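The primary structure of each chain is shown beneath.
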Amino acid sequence: MENNTLVESNPRKETMPGPARFADKAVQILFFAVFGVILALLLIFSSKWHYLKVNFDLPNFWLLILGLVFAAAFCFVLHKISLFLTNRRKLSPWKHLDRWSLFIAVSLLFGIQMIIALCIMFRTGWDAGALQDFAYMKATNQQPNFNDYFSMYPNNLLLTWVFTQVMSLCLGVLQSADYYVFLLLLIALNSSISCVTSLLLFRSVHLLTGNRVLSWAAWWVYALVVGLSPWFLIPYSDTTGILFPILLFYLYIRLFRKEMLRWPLIAVCFYIGFRIKPTSAIPFIAIILVEVISLFSRSTNWKKVLISTSTILATIVVLQIGYAALLSPALGITLDKEREIGPLHFVKMGLNPQTDGVYFHDDVLFTKTFPTKSEQNAANLQVIQDRLNSYGRLGTPLFLLRKALVNFNNGSFAWTQEGSFFIHSYSRNNPLASLLKSYFLPDGSLYHLFLTFSQMLWLTVLAGTFLFSFQGKRGAIQQSKQTMVIRLTLIGLVMYVMLFEARARYLYTSLPIFILACVLGFYSLYQRLFKKAIQ
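Keep in mind it's a predicted model, so treat the numbers as computed, not measured.

Side note on the overall build of the protein chain
Reasoning step 1: A tally of regular secondary structure across the protein chain gives 20 helices and two strands.
Reasoning step 2: Here the protein chain has a C-alpha radius of gyration of 24 Å; the compact-globule value for 535 residues is 24 Å, and the two agree.
Reasoning step 3: Here the C-alpha coordinates of the protein chain stretch approximately 60 × 60 × 50 Å along the principal axes.
Reasoning step 4: Sorting the 535 residues of the protein chain into buried and exposed places 54% on the buried side.
Reasoning step 5: Put simply, of all contacts in the protein chain between residues at least 6 apart along the chain, 81% involve residues at least 24 apart.
Reasoning step 6: Accessible area of the protein chain: about 24,300 Å², with a carbon and sulfur share of 66%.
Reasoning step 7: If you average the places of the 45 positive and of the 24 negative side-chain charges in the protein chain, the two averages end up 14 Å apart.

The structure is reproduced here in structure tokens:
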């Protein structure tokens, strides 16, 4: 029997003190309410019109039923395979089966992604294309002038620098200035990050549960929901940043021989992730909140707390100094800090009635008309107040309903729903490429199947995430802390997309955390129904 460290608490371990238990219960109730409401909205109001509404072949209710049947059949098969191999894994050549199976599975996922890329890859526009174009022109000495863009969106600087290094590699090692080769290398980087992320998810589930069946279940869900999502074809912060939320959580739960290594590594991961995708900071905030709550324990080692806090702050300060001093000059960019678009702009855009909170170009033009940050913030705050007043008490809930549907009712995560999505095609002309294009591209005859299948998978993940509300009884401190971090991370993400600019794509980076919660949620249901653990 494998040791399920999270799903089965050890009552002999120290339990959380009263205030911390209260906070844990409050987070559990809030998580139940948030994801219960989201799931209910998708099942009841999915037919309601909202901006960027996607039509599926079946209503959400029947897609969820199909997804649950699919999940049950998948788990049954996985369980039977595990039972078959249990008595053989200790014998040669079976003793390293799990390790080799995972290596082969990840290699196959990478190979499939690259085959898809070679068949249907294309250049895109919007922000992703802007970063790629700058990197290409910078590396080929074309002296691009993107000062205004990066002054407005400085959060894209680090990823742009990474892209520039990839293009320099393309020139220096491959001796090629072909944009196609450059883009293919970026997609290969995306695929590599995606595969590493799948490994971290596998290891995280195994650290939490000690159960290889659940670990494999999480990996396969990831392969279907993320690995085979066409978003890996778009090198941008969503696909690059997917590594950091699960890496933060993995660093938090794994054991270190030298415990003080944990916090500087978490700080580095947080800082880099935040500079690539701001939502990557949410798990870090959740970790800090949980650690602060745990300070109510009588056994708190205040010396250790002081050292850990100092280490985190020192690491972030050093990284920030290096970032500010080196990155902009390395890219040859002069930033105008007064031009930076602040958070109030995105809150304002998140209240736009014409787009249900999605990007609206006129809102950007309005913000750009103000020469200073203070004027920009004052004007945006006034618009926020005007829009809230215009909605009124009855209109605000209806608007938030539509915004929730924009954010959560799209299992493709707003695939193709960005401006100038297709700029130039590099697709091949062969039967496999034709099949893939018909499935993944909007003008394809099978595209409706892609949308419907993606929605079925996403609804199933959301259902499992909701079931995570019932995960765990009052138990050991470490187990309760791990559960609370997962819940707070996902609650924080929901708050983020409901407060700021709406877009289903913004959920993509946190999908590994969703899948982690989903697998643990379904396993919790399994344990309650059958009163036993999966072996």
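Back to the write-up after that little detour.
A look at the state of the cysteines
Reasoning step 1: Counting across every chain of the model gives zero disulfides.
Reasoning step 2: Free cysteine: Cys 195, not disulfide-bonded; nearest cysteine sulfur from Cys 119 at 17 Å.
Reasoning step 3: Free of any disulfide, Cys 269 has its nearest cysteine sulfur in Cys 195, 18 Å distant.

Section: the nonpolar core
Reasoning step 1: If you look at the biggest cluster of nonpolar residues, it comprises 142 residues, and the most contacted ones within it are Phe 35 and Ile 486.
Reasoning step 2: Apart from residues lying up to four places away in sequence, Phe 35 is in contact with Leu 462, Thr 465, Phe 466, Leu 490, Val 494 and Phe 514.
Reasoning step 3: One finds Leu 102, Ala 105, Val 213 and Ala 217 within the second-largest nonpolar core, a separate group that totals 12 residues.

Comments concerning the packing of helix 10 (residues 243–253) against helix 12 (residues 281–294)
Reasoning step 1: One way to put it is that helix 10 packs onto helix 12 with a least axis distance of 9 Å and a crossing angle of 30°. By the criterion of interaxial angle, the relationship of helix 10 to helix 12 is roughly parallel. Contacts between helix 10 and helix 12 involve Pro 245, Leu 248 and Tyr 252 from the former and Pro 283, Phe 284, Ile 287, Val 290 and Glu 291 from the latter.
Reasoning step 2: In terms of residue class, the contact of helix 10 with helix 12 is made up of seven nonpolar, no polar and one charged.

Details of helix 1 (residues 18–44)
Reasoning step 1: Between its first and last C-alpha, helix 1 extends 38 Å over 27 residues, near the 39 Å set by a 1.5 Å rise per residue.
Reasoning step 2: Along helix 1, the residues that are buried comprise Ala 20, Ala 23, Asp 24, Val 27, Gln 28, Phe 31, Val 34, Phe 35, Ile 38, Leu 39, Leu 41 and Leu 42.

A closer look at a nonpolar patch on the surface
Reasoning step 1: On the surface, Leu 58, Phe 61, Trp 62, Ile 65, Leu 66, Leu 68 and Val 69 cluster together to form a nonpolar patch covering roughly 620 Å² of accessible area.
Reasoning step 2: Considering the arrangement of structural elements, one finds Phe 61 in helix 2 (residues 60–86).

As for the packing of aromatic side chains
Reasoning step 1: Scanning the model with the defined rule gives 45 aromatic pairs in all.
Reasoning step 2: A centroid spacing of 5.2 Å and a plane angle of 75° characterise the contact between Phe 366 and Phe 370, whose relative ring orientation is edge-to-face.
Reasoning step 3: With a relative accessible area of 30%, Phe 366 lands in the partly exposed category.
Reasoning step 4: Among the aromatic side chains, those forming a connected cluster through ring pairs are Phe 31, Phe 35, Phe 413, Trp 458, Phe 468, Tyr 508 and Phe 514.
Reasoning step 5: Over the ring of Phe 256 we find Arg 254, and its NZ or CZ is 4.6 Å from the ring centre.
Reasoning step 6: When the ring centre of Tyr 323 is taken as reference, the NZ or CZ atom of Arg 275 above it lies at 4.0 Å.

Parameters at a glance
- Residues numbered from 1 in each chain as written.
- Predicted model: local features only at pLDDT ≥ 70, side-chain atom pairs only at ≥ 80, totals over all residues.
- Heavy atoms only, no water.
- Helix = DSSP H or I, 4+ residues; strand = E, 2+ residues; numbered from the N terminus.
- Rg over C-alpha atoms; globule rule 2.2 N^0.38 Å.
- Buried < 20%, exposed > 50% of the residue type's maximum accessible area, 1.4 Å probe, protein only.
- Contact = heavy atoms within 4.5 Å.
- Areas by Shrake-Rupley, 256 points an atom, 1.4 Å probe, with all protein chains shown as cover.
- Lys, Arg positive; Asp, Glu negative; His and termini not counted.
- Charge placed at Lys NZ, Arg CZ, Asp CG, Glu CD.
- Disulfide = S-S within 2.5 Å.
- Core = buried A, V, L, I, M, F, W, Y, C linked by side-chain atoms within 4.5 Å.
- Axes fitted to C-alpha atoms, helices over the stretch in contact; angles between N-to-C directions.
- Parallel < 35°, antiparallel > 145°, perpendicular 65-115°, else oblique.
- Nonpolar A, V, L, I, M, F, W, Y, C, P; charged D, E, K, R; others polar.
- Expected span 1.5 Å × (residues − 1).
- Patch = residues over 30% accessible without salt bridge, like charges linked within 9 Å, V, L, I, M, F, W, Y side chains within 5 Å.
- Salt bridge = Lys/Arg side-chain N within 4 Å of Asp/Glu carboxyl O.
- Phe/Tyr/Trp six-rings, centres within 6.5 Å; stacked < 30°, edge-to-face > 60°.
- Lys NZ or Arg CZ within 6 Å of the ring centre and 35° of its normal.

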